[in-house]
Each structure stands twice: as structure tokens, then as C-alpha cells.
Amino acid sequence: MSEGAADFEIGKDGLTVIIVGVDGSPPSLHAAAWAGGLARRERARLVLVYVEPIASPAYWTAMGMAGATEAASAFVDEIRQEAAAYLDHAGIAWELVHHRGDPAHGLEAIAEERRADCIVVGRSRHGGGLVGSVPKMLVKGAKRPVVVVP
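Let me sum up the structure you'll find in this document.

## Notes on the environment of His99
Okay, so step 1: The topology assignment puts His99 in strand β3 (residues 94-100).
Okay, so step 2: Along the primary structure His99 and Glu52 are separated by 47 residues, whereas in three dimensions their C-alpha atoms are 6.1 Å apart.
Okay, so step 3: Other than its neighbours up to four places away in sequence, His99 contacts Tyr50, Val51, Glu52, Gly106 and Ile110.

Here you go:
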């Protein structure tokens, strides 16, 4: 066992940090609600993560990138306001993280950084079959439990 490994074992001593992916879709809202309830019951910190995918053609030009960045910032502000209205009232400790890149890799990177005990995501709305590509990638390379909420 490497030095420092004994200090932290993912999910072995209850939940202290829960990561939830949010993108405004109905499945991500269901995942956020489920994760919020879990965080409240476990007295865990809830980290809402919006991963802004930068593979869109909007990022191919400077003008498009500026517009996409502005839209993403406005969306993050909207998420923050909605989260505050619900989570503050429920007494849940929370934060919102805005990350750019691939959603699955971004969620895992934030989970690793925050030493999260689990990642919660909604069932994908984009192809990928019943579960979706982001949940599949998270489960395939899981270092911590992944909960997929329909």
C-alpha cells in the first residue's frame, strides 16, 4: 500500500462527497434530485458538475467559441441559481464546478480531485443504447461506484 493510501478509501467509510453530472436534460435533473436526497441523508457534500463539451462546431472559429463560451457561462449561472434555491433550503452543502472537455473524463477528473465516494449521472439522452455513452465510459473505467439514474 502506498503512503497516503490508508488515509482515504473510496466509499469505505460512508459517503462524504458525491459528484453529480448536470447538463439540463431531464435525466440529469433526475440524477441531481436523487444525488441531492442521498447527500442530505448522508450529510455529504454534493458537487454538481457541468462539463461543457468542446467538440461542437461552435468551437471551430473564434466568433463561435466566444458565443458558445458566453452561452455556457449563462447556463452555469442558471444551474447555480436553481441549485441554490433547492439545496440551500434543504440544508445540503454543495458546490458547482464548470469543466470543459469530454463529459466522462471530466466527471472522473473532478471526482478524483475532490476524492468523491461516488459519481451519479442520468441515463444518457444521446445514442449509446439504453444506458448511454457517458455512463458506459464511467462504469467501464470506474474507480468508484457509479450510479445511473433513469
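## Notes on the nonpolar core
Okay, so step 1: In terms of nonpolar packing, the biggest core is built from 23 residues, with Ile18, Val20, Leu46, Leu48, Leu87, Trp94 and Val120 touching the most fellow members.
Okay, so step 2: In this structure, Val97, Leu107, Ala116 and Leu138 belong to the second largest nonpolar core, which totals 14 residues.

## Describing the sheet that holds strand β5 (residues 146-149)
Okay, so step 1: The parallel open sheet is built from five strands, whose spatial order is β3-β2-β1-β4-β5. Where the open sheet ends on each side, the last strands, each with one partner, are β3 and β5. Averaged over neighbouring strand pairs, the angle between their axes works out to 25° when direction is ignored.
Okay, so step 2: Strands β1 (17-21), β2 (45-52), β3 and β4 (118-122) of the sheet are contacted by helix α3 (residues 103-114), whose axis makes an angle of about 150° with β2.

About the cut-offs
Residues numbered from 1 in each chain as written. Predicted model: local features only at pLDDT ≥ 70, side-chain atom pairs only at ≥ 80, totals over all residues. Heavy atoms only, no water. Helix = DSSP H or I, 4+ residues; strand = E, 2+ residues; numbered from the N terminus. Contact = heavy atoms within 4.5 Å. Core = buried A, V, L, I, M, F, W, Y, C linked by side-chain atoms within 4.5 Å. Buried < 20%, exposed > 50% of the residue type's maximum accessible area, 1.4 Å probe, protein only. Pairing = 2+ DSSP bridges. Axes fitted to C-alpha atoms, helices over the stretch in contact; angles between N-to-C directions.

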